[in-house]
Amino acid sequence: MIGLISATAAGAAARDRLAAAWPGRTRVYGGPVADAVRTAFAECDRLVCFLATGAVVRLVAPLLDDKRTDPGVVCVDEGGRFAVSLVGGHGGGANELARAVGEVLGAEPVVTTATDAVGLAGLDTLGLPVEGDVAGVSRALLDGEPVALRAEVAWPLPPLPVVREGAGTAYAIRVTDRVVERAGGEVVLRPPSLVVGVGASRGAPVDEVLGLVEAALCDAGLCAASVAELATVDAKAEEPGIVGAAGRLGVPLVTYPAGQLAGVEVPNPSDAPLAAVGTPSVAEAAALVGGGELLVPKRKSAAVPATATCAVVRRPGRGRLAVVGLGPGARDLVTPRARAELRRASVLVGLDQYVDQIRDLLRPGTRVLESGLGAEEERARTAVEQARRGHAVALIGSGDAGVYAMASPALAEASDDIDVVGVPGVTAALAAGAILGAPLGHDHVSISLSDLHTPWEVIERRVRAAAGADLVVTFYNPRSRGRDWQLPKALAILAEHREPTTPVGVVRNASRADESSRLSTLGALDPATVDMMTVVTVGNTATREIAGRMVTPRGYRWQEDPATRRSPAAPSLASASGTFDSEKPEENL
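Cut-off values and rules
- Per chain, residue numbering runs from 1 following the sequence as it is written.
- The model is predicted, so local features are restricted to residues of pLDDT at least 70 and side-chain atom pairs to those at 80 or more, both for listing and for counting; the totals for chains, interfaces and linings are taken over all residues.
- Values shown for side chains rest on all heavy atoms present in the structure; no hydrogens or waters enter the calculation.
- The definition of a nonpolar core used throughout is a set of buried Ala, Val, Leu, Ile, Met, Phe, Trp, Tyr and Cys residues joined through side-chain atoms within 4.5 Å.
- We call a residue buried when its accessible area falls under 20% of the maximum for its residue type, exposed when it is over 50%, and partly exposed in between, using a 1.4 Å probe and counting protein chains only.
- The helix and strand labels rest on DSSP assignments: H or I over at least four residues marks a helix, E over at least two residues marks a strand, and numbering proceeds from the N terminus.
- Any two residues having at least one pair of non-hydrogen atoms within 4.5 Å are treated as being in contact.
- When DSSP finds two or more bridges between a pair of strands, those strands are recorded as paired.
- Whether a crossover is right-handed comes down to one check: with the strands pointing away from the viewer, does the path from the first strand over the helix to the second run clockwise; if it does, it is right-handed.
- Counted as salt bridges are all cases of a side-chain nitrogen of Lys or Arg within 4 Å of a carboxyl oxygen of Asp or Glu.
- Pairs of cysteine sulfur atoms within 2.5 Å are what we label disulfides.

> Residue-level account of the nonpolar core, with values.
Val-196, Val-198, Leu-217 and Leu-230 are the most contacted members of the largest nonpolar core, which totals 22 residues. Sorting the residues of this core by element identifies β11 (194-200), α7 (206-219), β12 (227-233), α8 (240-249) and β15 (308-314) as the ones contributing at least two each. In terms of residues, this core owes the most to one element, α7, which gives six residues. Not counting the four nearest positions on each side in its chain, Val-198 is found in contact with Val-209, Val-213, Leu-230, Ala-231, Thr-232, Ile-242, Val-282, Ala-283, Thr-309 and Cys-310. The next biggest cluster of nonpolar side chains, apart from the first, holds 21 residues, and it includes Trp-456, Leu-494, Leu-525 and Val-538.

> Quick rundown of the pairing of strand β2 (residues 26-29)? Include the residues and the values.
Two elements, strand β1 (residues 2-6) and β2, share four bridges in a ladder whose sense is parallel. Residue pairing for β2: Ile-2 is matched across the bridge by Thr-26. Each parallel crossover has a hand, and for β1 linked through helix α1 (residues 9-21) to β2 it is right-handed.

> Could you give an account of the pattern of salt bridges, naming the residues involved and the relevant values?
Under the criterion given, the structure shown has 24 salt bridges. A salt bridge links Arg-388 to Asp-417; the nearest nitrogen and oxygen atoms lie 3.2 Å apart. Remark: Asp-417 occurs in the loop between α15 (407-413) and β20 (419-423) and Arg-388 occurs in helix α14 (residues 376-388); sequence separation between them is 29 residues. Given the relative accessible area of 38%, Arg-388 is considered partly exposed. Here Asp-417 falls in the partly exposed class, since its relative accessible area comes to 35%. Among the charged side chains, a network of salt bridges with common partners joins Glu-131, Arg-182 and Arg-190.

> Quick rundown of the state of the cysteines? Include the residues and the values.
One pass over the structure, following the stated rule, counts zero disulfides. Its sulfur unpaired, Cys-44 is 10 Å from the next cysteine sulfur, which belongs to Cys-49. Given a relative accessible area of 6%, Cys-44 falls into the buried group. Free of any disulfide, Cys-223 has its nearest cysteine sulfur in Cys-218, 11 Å distant. Owing to a relative accessible area of 12%, Cys-223 belongs among the buried residues under this scheme.

> Just give me the short version of the pairing of β12, but keep the residues and values in it.
Looking along a regular strand, one sees side chains alternate from face to face of the sheet. Judged by how many residues are buried, β12 sits mostly within the fold: six of seven residues are covered. Relative to β12, β11 runs parallel, the two being bridged by four bridges. Bridging across to β12, Val-196 finds its partner in Leu-230. In this region the chain leaves β11, passes through α7 and returns to the parallel neighbour β12; the handedness of that crossover is right-handed.

So this is what it looks like as structure tokens:
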């Protein structure tokens, strides 16, 4: 819960805007400000105080106890210009909250945490349990001192400016699920790599189940902080001893059907669980169902008779591949989600000219693997291979990565051993359409005229189909020095079905500094003025030029009804809009 405290009318107005934007997440505290701050500090995870920073410092100073448990505090000034992360930047979430408040109120977030200020991922913000000299190792990273990364368990971490070998370095980041003795100048990150399979008889005490799990981990030298989940058979989903053990460990309980567990090969099957719940193994099979290395085979609890069993498996960290569309070129058309993925990735793969566009958005320590034109399949293979090694990878492309770009070759290479996410981007067709007006207002199609990967016979068949279907057509890759006849041929096919006066929009370098655009017609367009940096949009039989803009109406009724038909040069907005679909009001706005 986020506590909101204000003292003035202006502060209350901003407070109420935040409360309206985040229903269910905020609580307004009234009354004397000092009392409100004390109460909110005790009851909430984070606070937003619409007060001067000096006042808030004096109010919260006596309340501070431990930065790992204190709520994060953000101050917003009287004019709503700044959202200042005051206390608990990382542990309390104040840095993230300041940015979120800034988005809602239009305020500038002020974050002074050193790692955030230079774009370095904070070791206590990685989402993993962390132990050791966080401050010392963070300071070494900030000062550019060599810090070793010793990953005993492969895990997709965000970028960190570390050395991979690290011999002789004074500072280190160790990624392990084992109990280890920390050295000076060392941080230990605990990845959630362990799965504990559990079986239990009806009525097994929670202390017996929990004691068995803790003993199994301790004897194997494994850290309980790396346990990701307890797993068992569906029939035991509500067994109090198992449910209670998961709750006390602070991990989810995951269950599987007996039939699924019966298909898992295990070293120690038994007739007893087969008779009881329909599978020859519960503990081992539930731990192994997702694959991994069996570190602790099935063992029984020490009670007589034993009522619980467990097994421990280490699942490898799944690499992560984000296929990111960067948009058509303008920085403000790179989406927030794309920016977040670029900052999350420890490995970036992309075309060299695209990498140059966003290099400044990368965190320190990001490993960049770039290549030139014509190496799409190689880049896709590289990205997938890096993800299979357990890295967080971003594969970038212009526009939308799924439109004539890197998503297709990457997903053709990828299998289910990595996580894949797609980040949509603004396509060249959409960017060009916004510049031209509204040429894509009705059904439309995009067709690439490059026959490097697609035979011309196939391309021509698609152009003829689009022409016959009266679709607006956007041509990608329309013309290059080595391919100068395809665009004239495609335009000639469209001319068989459309008047020479059909509007054609030509946009070069859409959204970039040297952007240019013009309107022509199907009969007048000179293909020699088009190159590979150009998008050509050909209207359908309803498309018109209106006030210098290319407009394709949503319906055709205004064309067909002589009583409402207008001059093709200047139809009214009402007539050009066609009929509205009352069942989809959002599309009519």
